[in-house]
Amino acid sequence: MITALAIMALGAVVLGAALGYASIRFKVEGDPLVEKIEAILPQTQCGQCGYPGCKPYAAAISAGEADINLCPPGGMDGVRKLADLLGREVKALEAEEKPKQVAIIDEATCIGCTLCIQACPVDAIVGAAKQMHTIIEPLCTGCELCIKPCPVECIHMLPITENLDNWKWKYPVIEIKRAA
Amino acid sequence: MMNWTTPPYLLDGQASVRRVMLQVLVGLLPGIGAYVWLVGPSILLQLALATISALAGEALMLRLRGKPLSLFLGDGSAIVTAWLIALTFPPLAPWWLVVVGTLFAIVVAKHLYGGLGQNPFNPAMVAFAACIVSFPALMSQWPALGLKLTFAEQVSIIAGLAPRIDVMSGATPLDAIKTALKLGEGTVDVPTLLATQDVFGNFAGRGWEWVTTGYLLGGLWLWQRRIITWYAPLGFICGLSLLAGALWLWNPQGFASPLFHLFSGGAMLGAFFIVTDPVSGCTTSRGKLIFGFLAGLLAYTIRVFGGYPDGVAFAVLLMNLCVPLIDMYTQPPIFGMKNQR
Amino acid sequence: MLAQLFGFKGGVKPQTNKAPSVQLPIGQAPLPSCLFVPLHQNIGGAPNPLVVVGEHVLKGQLIGGADGWVSAAVHAPTSGTVLAIEEHVAAHPSGLPTLSVVIEPDGRDQWIPRTALDHRSLAPERVREILRDAGVVGLGGAAFPSHAKLTPARAVPMQDLVINGAECEPFMTCDDLLMRERAEEIVRGIAIFRDLLGAKRVLIGIEDNKPEAISAMNKAVLRLAEDYAVVAVPTRYPAGGAKQLIRVLTGKEVPASKRSTELGVQCFNVATVYTAYRALAHGEPVISRIVTLTGNIEQPRNWEVRLGTPMRELIALGRPKADTDRYLMGGPMMGFEIPDLAAPVVKATNCLIAGSPALFPASPPEMPCIRCGACAEVCPHELQPFELYWFSRARNFGKTQEYHIFDCIECGCCSYVCPSHIPLVQYFRFAKSEIWSREREKQAADAAKARFELRNAREEREQAEKAERLAKAAAARGSERKPAPASAAVLPPTVEPVQPVAAAESAEAVSPSDPDTVRKATIVAAMERARAQREAVKPRNTEQLTVEQKNEIAAIEARRAALKPEPAAAQGGRADSATSQERPGE
């Protein structure tokens, strides 16, 4: 009995020491989890999650402060990937999932106030004071941050339509049931 | 109306699951013929029982799972399972044994794992293993050789109306040799046994040797039809004969020859109809060879050193477990990448 | 001459159905009522339109200039008027539109001036340019710009030039007829490619079910005294796949990760060679191609068709039978169903097949995979299609790449033999396009992230610089405090007048047109604010002011200029001086 206890205790001590040593010896610098989470986030930097960008949100998820279903641009797909990565439950998205979109500036209405330029998180708007502004479409992430600051409401969002460049082959529909 | 269009628009009109399964059934016919010649039409009754219960079980499970009956009931896969069960069970086993075994195979081993194409274990072998563990006595009662029963008598035995005890004194040749060696404890040797006992024939069990030859012929036909490939059967035969041959060469008195082992029990059925099961077997060529080879080794080991009269079922089930691993490590090099490994 | 054929693993032998469309010689398709020439007919960059609406163009006139190196030009297929440059349905499985030049033929079919060139007298670079500007692309169906394939690899000497006349797709006979009728031009064209690549040996592979084409090519080779080998290869689909034909003729296997030139071999379709020859020796750009029109029609035949001809007009030439229910572009194995017959014939259109339920019966319902491995047996790239299928089906795209999904050439052999009738190729196409789209998204996300981080860094830097400037200014003020007091008393009145002027000015400008709606009010407010802001920042930007106002502003500016070096240090505190300096900008 005593021997058994001693062996178990000894085992615990040895394993504990090994684990403790390993955690110091093989310590991982930085927080790779944040990076992994950030890689899943769509980088729209839209702040719809309530954080000032994708990285802060990733950090908040990693710290357990934020839920994984706060990113509308990432959609349910993103939620699923996050749930997969973090081993959490898949949850319905907090907000409504929208199709991908780009901002368009109505050139006739734009007064050249530069407010949207300041709001754009990815520098996708060009223009100068009193000059008409325009959006560099390929760079626009569709974050909608430019809409609010516009004093003349000349920016609106257009959903990205299917074209030959982004067209995809569809998932084959399984027809077993219908055939019966 | 199918408005489902996807290239290629040309399809090989011949290819279908049903056609594959039907050919497997045809491949079993020579063996069945020999079986009928050996033990009488009782085996046909067992085949019918198994087929009916397999189809009933399949229909029930398809209904429960909400799958189209017409499509899956006709694919023939349940009948293949049923026939393999009937052929591996004792021919005069009570009717309910075959029914229970078949239902177990279809309901548990096949449909609970996702139905056609999804079962990790060979359903027929699962049924055999489950029954031999649950009903060891019934599963080892083989009709005594030379027992001449009319079809009516066979039916009444299978139906449980006639007493079983006295007619069921027989054993399979494999069992006979094992029991004799065990009881003899060194006083008997294999060549004498084979020469003296009635149960042994020219090169294996009397009569049984022709049944297994029938399976061999059916299997070769399947290979010629390209329904099966040669990898798994060859691997199995090599594995079995390698171990059997080594031990036989080392001690011919204590071990039967590879020929005897190949043509006894379920070896040929296993080699051509069970290790070749695509669903539960390996998919790569090298994987099939390895799968068959290891199954052959295991089958011999269990058969000779284990507690069961035959080892094919357990060997196959154990190897089914290893399939994903073997497949993963035997992925063939692809076009253009053969010299870059 | 050639002793050994190598063969390839896998492949299938479907009914070839080629006989009906080789009965008649190649016909000249009549001029259509209207041509829709898509600008983007090649793999690579989309050409830019070089014509304007209303312009009269000549046959062969450049209408779309190559965009970048991997791109090819587009030309007017006949003379006529440009009616529009607009989105028109593309020859694509999606039926989506693409930018096309709409030309109304004038019926004169008048050529541009053409100059014949000898490639031997030109620098190789120049020849490649000519081919690009003549719009020469792979006419086997891939439409990859040919000139981009004509540069030999630096490290590997070019051994073999493979000319692909195998044409393994069932129904298709356009290359067969081209070889029968225009063998000599093909053989002459081969010399261009051989010289550009410096290939030692030329192998012309033709499936052995085309004896007429083989003998025509052989005769042409003999007549022109070339040392090309015309090789009959066994008829087995997909022997006409570039990689399969290279394998059969040279024994070399080109993986997806390599270019064939890296193995010292290159492959061109016979029709491509033919157009290259026409482009150089006759100065004719690619404005037409041979199209096999076959299937469920009264008169199957090969037609020389101007690019941009609406498919409907071409198909009418063959008189489709009543039970025709679909049209395929390309062969039945790798082609696709055309969603809209308004789509034009393009460089990739090698074949149009009218389909009927009898010709292409509906696929039986899909069953679960039974892992039989039939697909792996016929896969010419020796892949494991069933594994790819499971992973594609489960959207496990990482695994599909591990199992080499991008080596799949979508030949359709696996689907052809599958006993469970699984649309395997469709799953692979789905997986591939998902992977591409995710890759695009990932790149966009990475770019957005980089830009966001750059922007943040810039803002931080600007803030730091500003703070530094302020600190410096404050420090400077601290040291020059003595001379300051005189101006301190003047400051408050100088600041205040600026804003009222601006406000009054903007109110005057807006009030006449001021409507009642709230919306307009907000706009006015916003414009006021913006104007006030601008005015405050740049008071000089006021051309329409009265002379008095201008004078006033000038006076203010003068005072401000005098003030600038030592602003508002009256109160003495550093913090106070900083805020007062900020004020004009508020």
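Here the structure is a predicted model, which is why all the values come from computation and not from measurement.

**Topic: the overall build of chain A**
Scanning chain A for helices and strands turns up six helices and four strands. Going from the N terminus to the C terminus, chain A shows its helices and strands as α-α-α-α-β-α-β-β-β-α. In terms of C-alpha radius of gyration, chain A reaches 25 Å, well past the compact-globule figure of 16 Å for 180 residues. For chain A, with 180 residues in total, the buried portion stands at 24%. Look at the contacts in chain A between residues 6 or more apart in sequence, and 54% of them connect residues 24 or more apart.

**Some thoughts on the overall build of chain B**
A tally of helices and strands in chain B yields 16 helices and zero strands. Whereas a compact globule of 341 residues would reach a radius of gyration of roughly 20 Å, chain B reaches 21 Å, a difference of no more than 12%. Seen through its C-alpha atoms, chain B measures out along the principal axes to roughly 70 × 55 × 30 Å. The buried share of chain B, reckoned over its 341 residues, is 54%. In chain B, 74% of the contacts between residues at least 6 apart in sequence involve partners at least 24 apart.

**With respect to the domain arrangement of chain B**
Residues and elements named next belong to chain B. You can read the domains of chain B as domain 1 (15–170) and domain 2 (175–327). Its C-alpha centre places domain 1 at a distance of 21 Å from the equivalent point of domain 2. In this assembly, 27 residues from domain 1 lie in contact with 30 residues from domain 2. Those elements that place two or more of their residues in the side of domain 1 that touches domain 2 are α1 (17–39), α4 (77–88) and α6 (123–134).

**Comments concerning the sheet that holds strand β9 (residues 160–164) of chain C**
All names here are of chain C. Strand order across the open sheet formed by four strands is β11-β10-β9-β12, with parallel pairing between neighbours. Looking at strand neighbours, the two that pair on one side only are β11 (229–233) and β12 (265–269), the edges of this open sheet. The sheet shows a mean angle of 25 degrees between the axes of neighbouring strands, direction not considered. For β9 and β12, the ladder comprises five bridges, and the chain directions are parallel.

**Let's talk about the environment of Pro91 of chain B**
Residue and element names in this part refer to chain B. Checked against the element boundaries, Pro91 lands in the loop between α4 and α5 (95–110). In this structure Pro91 comes out as buried when scored by C-beta crowding, with 24 C-beta atoms within 10 Å. Taking the C-alpha atoms as reference points, Pro91 and Leu216, 125 residues apart in sequence, are found 20 Å from one another. Every residue in contact with Pro91, bar those within four places of it in the chain, is listed here: Val39, Ser42, Ile43, Gln46 and Pro143.

**Comments concerning the interface of chain B and chain C**
In this complex, chain B contributes 31 residues to the contact, which on the side of chain C involves 46 residues. The residue inventory of the side of chain B that touches chain C, partitioned by class, reads 18 nonpolar, nine polar and four charged.

**Re the pairing of strand β5 (residues 62–65) of chain C**
All names here are of chain C. Bridge count for strand β3 (residues 48–49) against β5 is two bridges, and the pairing is antiparallel. Opposite Pro49, over in β5, you have Gly64 as the bridge partner. Where β5 and strand β6 (residues 74–75) come together, two bridges link them in antiparallel fashion. Paired with Gly64 across the two strands is Val74, which belongs to β6.

**Focus: the sheet that holds strand β7 (residues 80–89) of chain C**
Residues and elements named next belong to chain C. Sheet architecture is open: four strands sit in the order β2-β8-β7-β4, paired in antiparallel fashion. Two strands lie at the open edges of the sheet, namely β2 (35–38) and β4 (56–57), each paired on one side alone. Sheet topology note: the β7/strand β8 (residues 97–105) ladder contains nine bridges and is antiparallel. Looking at β8, one finds that Ala84 is bridged to Val102.

**Looking at the domain arrangement of chain A**
Residues and elements named next belong to chain A. Looking at chain A, the domain boundaries give domain 1 (32–86) and domain 2 (101–159). In this structure, domain 1 and domain 2 have C-alpha centres spaced 25 Å apart. Listed as interface residues are seven residues of domain 1 and, on the opposing side, seven residues of domain 2. When grouped by side-chain class, the residues that make up the side of domain 1 that touches domain 2 number two nonpolar, five polar and no charged.

**Observations concerning unusual backbone geometry**
Residues and elements named next belong to chain C. Residue Pro238 follows Tyr237 across a cis peptide bond; omega there is -5 degrees. Take Pro238: it is sitting in the loop between β11 and α4 (242–250). Phi at Asp109 takes a positive value of approximately 50 degrees, unusual for a residue other than glycine. If you trace the backbone, Asp109 turns up in the loop between β8 and α1 (124–133).

**Some points on the confidence of the model for chain A**
Residues and elements named next belong to chain A. When the pLDDT values of chain A are averaged, the result is 84; 94% of them are 70 or greater. Of all the helices and strands in chain A, helix α6 (residues 176–179) carries the lowest mean pLDDT, 42, while helix α1 (residues 2–25) carries the highest, 93. Contacts from residues 175–180, a stretch scored under 50 in pLDDT, to residues over four places away or in other chains number 15 contacts.

**Points about α1 of chain C**
Residues and elements named next belong to chain C. Residues Val127, Arg128, Ile130, Leu131 and Arg132 constitute the buried set of α1. On its buried face, α1 sits against α2 (174–197) and α5 (270–281). In the stretch just after α1, Gly135 is the one whose phi turns positive, near 75 degrees.

**Regarding the nonpolar core**
If you look at the biggest cluster of nonpolar residues, it comprises 256 residues, and the most contacted ones within it are Ile85 of chain B together with Met217 of chain C. The residues contacting Ile85 of chain B, other than those within four sequence positions of it, are Ala50, Val98, Gly101, Thr102, Ala105, Ala124, Ala127 and Phe128 of chain B. Residues Ala103, Cys140, Cys143 and Ile155 of chain A belong to the second largest nonpolar core, which totals 19 residues.

**Here we look at helix α11 (residues 208–224) of chain B**
All names here are of chain B. Taking 1.5 Å of rise per residue, the 17 residues of α11 would be expected to cover 24 Å, and the 24 Å separating its terminal C-alpha atoms lies within 8% of that figure. Trp208, Glu209, Trp210, Val211, Thr212, Gly214, Tyr215, Leu216, Gly218, Gly219 and Leu222 are the residues of α11 that are buried. The secondary structure elements touched by the buried residues of α11 are α1, α9 (173–184), α12 (231–250) and α14 (267–274). Taken from the residues just after α11, Arg226 is the one with a positive phi, measuring 65 degrees.

**Topic: the environment of Ala95 of chain A**
Residue and element names in this part refer to chain A. Among the secondary structure elements, Ala95 is positioned in the loop between α4 (75–86) and β1 (101–105). The exposed category is assigned to Ala95, around which 12 C-beta atoms lie within 10 Å. C-alpha separation for the pair Ala95 and Ala83, spaced 12 residues apart in sequence, amounts to 17 Å. Non-local contacts of Ala95, meaning those with residues more than four positions away in its chain, are made with Gln48 and Pro72.

**Let's talk about the packing of helix α2 (residues 32–40) of chain A against α4 of chain A**
Residues and elements named next belong to chain A. Where α2 contacts α4, the axes come no closer than 9 Å and their chain directions differ by 160 degrees. Relative to α4, α2 is oriented roughly antiparallel. As α2 runs across α4, the sense of the crossing is right-handed. Mapping the contact onto sequence places Lys36, Ile37 and Ile40 in α2 and Gly78, Lys81, Leu82 and Leu85 in α4. Of the residues in the contact of α2 with α4, the class split is four nonpolar, one polar and two charged.

**Overview of the pairing of strand β17 (residues 351–355) of chain C**
Residue and element names in this part refer to chain C. Taken across its five residues, β17 has five buried, putting it largely inside the fold. In the sheet, strand β15 (residues 326–329) pairs with β17 via four bridges, with the strands oriented antiparallel. Looking across to β17, one finds that Tyr327 is bridged to Ala354.

**Describing the environment of Ser479 of chain C**
Residue and element names in this part refer to chain C. Take Ser479: it is sitting in helix α11 (residues 424–479). Residue Ser479 is classed as exposed on the basis of its 8 C-beta neighbours within 10 Å. Separated by 178 residues in the primary sequence, Ser479 and Arg301 place their C-alpha atoms 96 Å from one another.

**Structural notes on the packing of helix α2 (residues 42–65) of chain B against α4 of chain B**
All names here are of chain B. At a minimum axis distance of 8 Å, the contact between α2 and α4 shows a crossing angle of 140 degrees. Remark: the crossing between α2 and α4 carries right-handed chirality. Within the contact between the two elements, α2 uses Ile43, Gln46, Leu47, Ala50, Thr51, Ala54, Leu55 and Glu58 and α4 uses Ala78, Ile79, Thr81, Ala82, Trp83, Ile85 and Ala86. Each residue belonging to the contact of α2 with α4 can be placed in one class, and the counts come to 11 nonpolar, three polar and one charged.

**Thoughts on the confidence of the model for chain B**
In this model, chain B carries an average pLDDT of 88, and 94% of its residues clear a pLDDT of 70 or more. Here the prediction assigns the complex a pTM of 0.82, and the interface score ipTM is 0.89.

Conventions used here
- Residues numbered from 1 in each chain as written.
- Chains lettered and ligands numbered in written order.
- Predicted model: local features only at pLDDT ≥ 70, side-chain atom pairs only at ≥ 80, totals over all residues.
- Helix = DSSP H or I, 4+ residues; strand = E, 2+ residues; numbered from the N terminus.
- Rg over C-alpha atoms; globule rule 2.2 N^0.38 Å.
- Buried ≥ 20, exposed ≤ 12 C-beta atoms within 10 Å, placed from the backbone.
- Contact = placed C-beta atoms within 7 Å.
- Domains from an automatic or database assignment.
- Pairing = 2+ DSSP bridges.
- Axes fitted to C-alpha atoms, helices over the stretch in contact; angles between N-to-C directions.
- Nonpolar A, V, L, I, M, F, W, Y, C, P; charged D, E, K, R; others polar.
- pLDDT = per-residue confidence, 0-100.
- Core = buried A, V, L, I, M, F, W, Y, C linked by C-beta atoms within 7 Å.
- Expected span 1.5 Å × (residues − 1).
- Parallel < 35°, antiparallel > 145°, perpendicular 65-115°, else oblique.
- Left-handed = near helix turned anticlockwise from the far one by under 90°.

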